[in-house]
Amino acid sequence: MKKILALLLALCMVFALCACGSSTSGTSSSSAPSDSSAAAGDTIKIGVFEPATGENGAGGQQEVIGIRYANSVKPTVTVDGKEYNIELVEVDNQSDKSAAVTAAQSLISQGVSVVLGSYGSGVSIAAGSTFKEAQIPAIGCSCTNPQVTSGNDYYFRVCFLDPFQGSVMASYAKTAGCSTAAVINQNGDDYSTGLANYFKDAFSAMDGCSVVYTGTYNTNETDFTAILTKAKEANPDVIFVPSSIVTAGLIIKQARDMGITCRIMAGDTWENQTIIDNAGAENCEGVALSTFFSPDDPTAADFVNGFKEYINSNADAKKLNGGNDTVAAVSALGYDAYMAACAAIEGVSGEITGTAIRDSLTQVNFEGVTGTIAFDENGDSLKDTAFIKEIRDGQFKFIGTQKTDGTFTAA
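Below, the structure is looked at part by part. (Residues numbered from 1 in each chain as written. Predicted model: local features only at pLDDT ≥ 70, side-chain atom pairs only at ≥ 80, totals over all residues. Heavy atoms only, no water.)

**Digging into the packing of helix H5 (residues 162–175) against helix H6 (residues 190–204)**
Note the threshold: In this description, a line fitted to the C-alpha atoms serves as the axis of each element, helices being fitted only across the stretch in contact, and the angle between N-to-C directions of two axes falls anywhere from 0 to 180 degrees. Only DSSP runs of H or I with at least four residues qualify as helices, and only runs of E with at least two residues qualify as strands; both kinds are numbered from the N terminus onward. Any angle that is under 35 degrees is reported as roughly parallel, and any over 145 degrees as roughly antiparallel; angles of 65 to 115 degrees are reported as roughly perpendicular and all others as oblique. Take the far helix as the reference: if the near one is turned anticlockwise from it by less than a right angle, the crossing is left-handed, and if turned clockwise, right-handed. Residue contacts follow a heavy-atom distance rule, with two residues in contact if any of their heavy atoms lie within 4.5 Å. Think of it as three bins: nonpolar holds Ala, Val, Leu, Ile, Met, Phe, Trp, Tyr, Cys and Pro, charged holds Asp, Glu, Lys and Arg, and polar takes everything else, Gly as well.
Interhelical geometry of H5 versus H6 gives an angle of 50° and a closest axis separation of 8 Å. It follows that H5 is oblique to H6 by the angle criterion. Handedness of the H5/H6 crossing: right-handed. Contact residues: H5 offers Asp 162, Pro 163, Gln 165, Gly 166, Ser 167, Met 169, Ala 170, Ala 173 and Lys 174, while H6 offers Tyr 191, Leu 195, Tyr 198, Phe 199, Ala 202 and Phe 203. Of the residues that constitute the contact of H5 with H6, the class distribution is 10 nonpolar, three polar and two charged.

Structure representation (structure tokens):
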């Protein structure tokens, strides 16, 4: 009898182990990327792929604020007569390429249907193939490097590109009376290197203009004395320095402390109050940059008023915005990217899948707060104008719009 009981127990254990093995196999299979329905019940998840930490954390947080505000304005979408709640799923890509891939995988595992972000082209490029393989469309807010969408039909963006921005800033530098330039950029950073090269090529091609010095620095470098000394010796009319927010404050202050008085210009990343706080308002006076939006644009008045009300009634949002209710261009881009995602979701007919949303994005066309939101065959934004701002009396002042053909229209 004891032998029979022992045999029966052994058989029970074998069946139990087989059952467990079957369950594990099923879980593993279901976690593989697929183009299954993106809607779960009455909820559709939108991933927020942004840096909350690292050298681009401040800018990433401003994009997140714009996305959160957009979600408060439009918390639901309607597809084929059914209303779905929108749930934001936020991850921190840490301004780091390796961490970006892990963050992207986290969003996919949480079942998002579309992704917004990121601030920083490098992390967007690093995660692009992950989104593509999972067939999850991504909409960049301010990632301007051409490689973000190149060869990836699942990546779109609502901002203009660095070739455009580089040409615009070269044109503005000439408009401002500059004929010689020094160009400084960060080694290994896709945004910084790309924008610096586009500016350099465009500026050198203009009649009477030349680049008299080029310099590079490494990630996490804090002492720019050697580079700035060489730039000063070249005696340029302007120093063009596309960099992170953290680096910007250091370079501006060190340049002014060394007695460098020429114009300093950069791209969209420099529209952040932290730079003025770190470098000092006096040192930042006259610094110019290109950006995607101005709160002084009368067509964006409703957005600006609503955003300010949202910021001033939300302590956490105001803290992330630098403690003020300034409307940054990247916040406006975050808002437009969210609305583009909603428009694409609502344009789906039938099952809501990543591929269906991707296909619907190609047909999106509406007037956003940063201009027309529509995409070309590469997924890039169809925009032809940049807003130029200067730092005056510790504030970002909109001074006009600039086109690549040299046309400058004062505000």
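**Regarding unusual backbone geometry**
Glycine aside, a negative phi is what most residues show, and trans is what most peptide bonds show. The cut-off we apply is this: The buried label applies to any residue whose accessible area, calculated with a 1.4 Å probe on protein chains only, is under 20% of its type's maximum; exposed applies above 50%, and partly exposed to all values in between.
In this chain, Gly 117 is followed by Ser 118 through a cis amide linkage whose omega measures 20°. The phi torsion at Gln 94 lies on the positive side, around 60°, for a residue other than glycine. We classify Gln 94 as partly exposed; its relative accessible area is 44%. The residue Asn 235 is not glycine, and still its phi comes out positive at about 55°. Looking at the secondary structure, you find Asn 235 in the loop between helix H7 (225–234) and strand E10 (238–240). Residue Asn 235 is classed as exposed on the basis of its relative accessible area of 60%.

**A word on the pattern of salt bridges**
Should their charged atoms come close, side chains of opposite charge can pair. Basically, it comes down to this: We define a salt bridge as a contact between a side-chain nitrogen of Lys or Arg and a carboxyl oxygen of Asp or Glu at a distance within 4 Å.
Following the criterion strictly, the structure yields 13 salt bridges and no others. The salt bridge involving Glu 346 is made with Lys 74; its shortest N-O contact spans 3.4 Å. Of this pair, Glu 346 sits in helix H13 (residues 329–346) while Lys 74 sits in the loop between helix H2 (57–73) and strand E3 (76–79), placing them 272 residues apart in sequence. Its relative accessible area of 32% is what places Glu 346 among the partly exposed residues. Since its relative accessible area comes to 24%, Lys 74 is described here as partly exposed. Asp 257 serves as the salt-bridge partner of Lys 253, at 2.9 Å between the closest nitrogen and oxygen. With Lys 253 and Asp 257 both in helix H8 (residues 245–257), this residue pair falls four residues apart, about one helical turn. With relative accessibility at 36%, the residue Lys 253 sits in the partly exposed group. Judged by its relative accessible area of 53%, Asp 257 falls in the exposed class. Connected through salt bridges with shared partners, the residues Asp 153, Arg 358 and Asp 359 form a single ionic network.

**Some remarks on the packing of H2 against H13**
One way to put it is that H2 packs onto H13 with a least axis distance of 7 Å and a crossing angle of 45°. When the axis of H2 is compared with that of H13, the two are oblique. For the pair H2 and H13, the sense of crossing is right-handed. Facing Gly 59, Gln 62, Glu 63, Gly 66, Ile 67, Tyr 69, Ala 70, Asn 71 and Val 73 of H2, the residues of H13 in contact are Val 330, Ser 331, Gly 334, Tyr 335, Tyr 338 and Met 339.

**Side note on the packing of aromatic side chains**
Rules: Two aromatic rings from Phe, Tyr or Trp, using only the six-membered ring of Trp, form a pair when their centres are within 6.5 Å; if the ring planes differ by under 30 degrees the pair is stacked, by over 60 it is edge-to-face, and anything between is tilted.
Counted by the stated rule, this structure contains 17 aromatic pairs. An angle of 85° between the planes, with centres 5.8 Å apart, marks the rings of Tyr 69 and Phe 307 as edge-to-face. Remark: Phe 307 occurs in helix H11 (residues 301–312) and Tyr 69 occurs in helix H2; sequence separation between them is 238 residues. Given the relative accessible area of 9%, Tyr 69 is considered buried. Between the aromatic rings of Phe 131 and Tyr 155, the centroid separation amounts to 6.3 Å while the plane-to-plane angle is 70°, which identifies the pairing as edge-to-face. With Phe 131 in helix H4 (residues 121–133) and Tyr 155 in strand E7 (residues 155–157), this residue pair connects regions lying 24 residues apart in the sequence.

The analysis is restricted to geometry; functional conclusions fall outside its scope.
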